[in-house]
Amino acid sequence: MLEPVSPKQNTVCGFFASSIYVRQVEYVYFHRNTGRHVRCDLPDGVPGVALCSTVYLRVVSAHRKLTRHRTVHQKAVFNGSIMHTSVKCLTLLLGVAAASLGPFEELYTWKQLDFQFPTSNAREAAIASGDFVQINNLPVGIEIWKDKLFVTVPRWKKGVPSNLNYISLSNTTGNKSPALTPYPDWETNDIHQTGKESIVNIFRLAVDSCDRLWGIDAGSDDILGEGALVAPVQLIVIDLKTDQVIRRYRLTDADQRFESFFANLVVDVEADACDQAFAYVSDLGANGLVVYSWEKNKSWRVDHNFFAFDPLHGDFNVSGINFQWTDGIFGLALSPLRSDGSKSLYFHALASITEFEVSTTVLKDEVLATSNGNYYHFKRLGYKGELSQCTASVMDWKSGVAFFAAVNRDGIACWNTKKSLDQSSFRLVAEDHDALVFPNDIKIAQDTRQLYVISDKMPLFQYANIDPQQINYRILKAPVDEAVKTCLRRRIRSTKPSQYQFHQDPKSRFPNYYD
């Protein structure tokens, strides 16, 4: 009896497989989009693989040792039923071969994080008091400004000495596992101090064109434990030129719900109009978006059906751990400025495989954004394909390509926003089942045009155990101009239409749910 394998091993071109039975054969898959071939050897009687409608197969008999192969070319046409297969082969995912970092290289790696304590005695004292429990420190968010690479370490558990930190890119050359330096200093990250407000629990960051660092501070400590509230939820803005906190803005009661969880934001501002900045903060717990105006020092909450998670796509399989999440709106990315002064905010829920957009003109208008009539100003852009759930996203304004941290793929995906979005235009730039296990954040350094990604095995941290003897956390980088090539590459179209739409839009698969 064959043992079923996981859906990740059971996919070709990023989609579930159907089943046929074949003799022992050699399959050669040709993907028309990339011209890549992937070989698989199947023993006699093992279920074969249902290919994409864009794939042809060549079957070569392996039962006969013939000098002349008997070759059959035929279109792979199957029904849409999902069955387990046991296939030992490479996975072809959205046009990129599996286990490939593509243009990415590892910049930093850690088995466990450490910090630049003032002295070795201070480090030992923090360990003794429980203020530093090394295994409980998991990096999540990154951002880049000049020589500083910022890294957040949320207080998921007790023993996180500093939430907001940085690495000096120039001073860590040759050091693959540098200690993190608290930013702006140790005192500001000390949640036990009195008489001064601390930075408690920022997950992700945003640097604006006015040299300011923004973060949404959840204010909570030991989230997976006692869940103590240390400070109110607030926006924190730091002047990067002076390293001073220049504004704290507490979210109002109207901005929040009982289930609220704020973990991501983007900032909309131009360098010649710094006072006209807006921040868009996603509430993944209660399916909402908070808009903050710097000029008015005021915020308002926007609610919309598109902010909710998709109940059909809340199942995750990461590094052998299966779990279900209901995270709503999460990933946010801004388009370049248009001639009419507007931008598009692209967004998606984490537990979803659909991308949406809304004009920032709508969001900036408090009356319109908060009215019942806002519904039709939000647009559905398309369906990204099975297992395309993503955390963060970012837009390259030069090329118009958006990048996504595809957690259910252990990969980084891209989409050329100048093209319509579907499973063929949503493509993997890189996929690696070790180095890219749970990519949690993704950013572009505009001055150097480098794409940065952090992966952190977060499901193991939450549901199992991190092995301190293995590399667990990585920061990778790639030249943006190389990474965009995957999505700017012209598709090679088949001259024959598919008989069946095997990978159809979920609306056609589940009409009762979507109507």
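This text follows the structure it describes.
Now for a description of the structure that goes with this document.

### Let's talk about the overall build of the protein
Alright, step 1. Within the protein, the regular secondary structure consists of eight helices and 36 strands.
Alright, step 2. Looking at the protein as a whole, 55% of its 515 residues qualify as buried.
Alright, step 3. Look at the contacts in the protein between residues 6 or more apart in sequence, and 58% of them connect residues 24 or more apart.
Alright, step 4. Only carbon and sulfur atoms are counted for the fraction: they give 50% of the accessible area of the protein, which is about 22,300 Å².

### Thoughts on the pattern of salt bridges
Alright, step 1. Tallying each qualifying case throughout the model produces 22 salt bridges.
Alright, step 2. Between D208 and R212 there is a salt bridge, and its shortest N-O distance comes to 2.7 Å.
Alright, step 3. The buried category is assigned to R212, whose relative accessible area is 7%.
Alright, step 4. Among the salt bridges present, the one from R474 reaches D434, with a minimum N-O distance of 3.4 Å. With R474 in strand β36 (residues 473-479) and D434 in the loop between β33 (426-431) and β34 (439-445), this pair connects stretches of sequence that are 40 residues apart.
Alright, step 5. Look at the salt bridges and you will find they share partners, linking R257, D283, R301 and D303 into a network.

### Overview of the sheet that holds strand β30 (residues 390-396)
Alright, step 1. As summarised here, the arrangement of the four strands in space is β30-β31-β32-β33, forming an open sheet in which the pairing is antiparallel. The open sheet has two edge strands with one neighbour each: β30 and β33. Each adjacent strand pair in this sheet contributes to an overall mean axis angle of 25 degrees, direction not counted.
Alright, step 2. In this sheet, strand β31 (residues 401-406) lies alongside β30 in antiparallel orientation, the contact comprising five bridges. Residue S393 lies in a different strand from β31, and its bridge partner there is F404.

### Focus on the sheet that holds strand β20 (residues 262-268)
Adjacent strands of a sheet form backbone hydrogen bonds with each other and so pair up, either parallel or antiparallel.
Alright, step 1. Reading across from one edge, β20-β21-β22-β23 is the order of the four strands in this open sheet, with antiparallel pairing throughout. Either end of the sheet is taken by a strand with one partner, and the two such strands are β20 and β23 (298-303). Adjacent strand axes in the sheet meet at a mean angle of 20 degrees when their direction is disregarded.
Alright, step 2. Relative to β23, strand β22 (residues 288-293) runs antiparallel, the two sharing six bridges. Opposite V291, over in β23, you have W300 as the bridge partner.

### Thoughts on unusual backbone geometry
Alright, step 1. A cis geometry characterises the amide bond from Y183 onward to P184, with omega recorded as -5 degrees.
Alright, step 2. Residue placement: P184 occurs in the loop between β13 (181-182) and β14 (202-207).
Alright, step 3. With a phi close to 50 degrees, N297 is a non-glycine residue in the positive phi region.
Alright, step 4. Inspection of the secondary structure puts N297 in the loop between β22 and β23.

### Focus on the state of the cysteines
Alright, step 1. All told, the structure shown has two disulfides when counted by the stated rule.
Alright, step 2. Between the sulfur of C210 and that of C274 lies a disulfide, 2.0 Å long from S to S. Measuring handedness by torsion sign, the sulfur bridge of C210 and C274 sits at about -100 degrees and is left-handed. Here C210, found in the loop between β14 and β15 (212-217), pairs with C274, found in the loop between β20 and β21 (278-283); they are 64 residues apart in sequence, far enough to count as distant.
Alright, step 3. The exposure class of C210 is buried, given its relative accessible area of 15%.
Alright, step 4. Paired through a disulfide, C414 and C487 show a sulfur-sulfur distance of 2.1 Å. Taking the torsion about the sulfur-sulfur bond, which here is approximately 105 degrees, the covalent link between C414 and C487 counts as right-handed. Taken together, the residues span a long stretch of sequence, with C414 in strand β32 (residues 411-416) and C487 in helix α6 (residues 485-488) at a distance of 73 residues.

### Some thoughts on the side chain of D396
Alright, step 1. Along the chain, the position of D396 falls in strand β30.
Alright, step 2. The exposure class assigned to D396 is buried, which follows from its relative accessible area of 0%.
Alright, step 3. For D396, the side chain forms a polar contact with the side chain of S399, separated by 2.6 Å.
Alright, step 4. Beyond its immediate sequence surroundings of up to four residues, D396 is in contact with V401, F403, I444, R449, V480 and V484.

### Description of the environment of S299
Alright, step 1. The residue S299 is located in strand β23 in this model.
Alright, step 2. As for S299 and R250, which are separated by 49 residues in sequence, their C-alpha atoms are 9.4 Å apart.
Alright, step 3. In contact with S299, other than residues within four places in its own chain, are Y249, T252, D255, V290, V291 and Y292.

### So, the layout of surface pockets
Alright, step 1. One number sums up the size of the largest pocket: a volume of about 760 Å³.
Alright, step 2. Lining the largest pocket we find 30 residues, and of these E143, V207, D208, I444 and Q446 sit closest to its centre.
Alright, step 3. Looking at side-chain class alone, the lining of the largest pocket contains 19 nonpolar, four polar and seven charged residues.

### Let's talk about the pairing of β36
Alright, step 1. Of all the seven residues making up β36, five are buried; the element is thus mostly covered by neighbouring parts of the structure.
Alright, step 2. Here five bridges tie strand β9 (residues 105-110) to β36, and the two strands are oriented antiparallel to one another. Looking at the pairing, E105 lines up with K477 of β36.
Alright, step 3. Inspection of the sheet shows strand β35 (residues 450-455) paired to β36 by six bridges, in the antiparallel sense. By the bridge assignment for β36, Y452 is matched with K477.

### Side note on the nonpolar core
Alright, step 1. One finds W110, L149, L180, Y452 and I475 to be the most contacted residues of the largest nonpolar core, which totals 43 residues.
Alright, step 2. Residue assignment for this core shows that the elements contributing at least two residues are β9, β10 (142-145), β11 (148-152), β24 (315-318), β25 (321-324), β35, α4 (458-463) and β36.
Alright, step 3. Dropping the residues within four chain positions of it, I475 is found in contact with E105, E106, L107, Y108, W110, I142, L149, V151, Y452, V453 and I454.
Alright, step 4. V401, F403, A478 and V484 belong to the second-largest nonpolar core, a separate cluster that totals 22 residues.

Conventions adopted
Residues numbered from 1 in each chain as written. Predicted model: local features only at pLDDT ≥ 70, side-chain atom pairs only at ≥ 80, totals over all residues. Heavy atoms only, no water. Helix = DSSP H or I, 4+ residues; strand = E, 2+ residues; numbered from the N terminus. Buried < 20%, exposed > 50% of the residue type's maximum accessible area, 1.4 Å probe, protein only. Contact = heavy atoms within 4.5 Å. Areas by Shrake-Rupley, 256 points an atom, 1.4 Å probe, with all protein chains shown as cover. Salt bridge = Lys/Arg side-chain N within 4 Å of Asp/Glu carboxyl O. Pairing = 2+ DSSP bridges. Axes fitted to C-alpha atoms, helices over the stretch in contact; angles between N-to-C directions. Disulfide = S-S within 2.5 Å. Polar contact = N/O pair within 3.5 Å; in protein donor to acceptor, adjacent residues only side chain to side chain. 1 Å grid on protein atoms, 1.4 Å probe; cavity = no way out; pocket = protein on both sides within 12 Å on 5 of 7 lines; lining within 4 Å. Points joined across faces, edges and corners; volume = space filled by probe spheres on them. Nonpolar A, V, L, I, M, F, W, Y, C, P; charged D, E, K, R; others polar. Core = buried A, V, L, I, M, F, W, Y, C linked by side-chain atoms within 4.5 Å.

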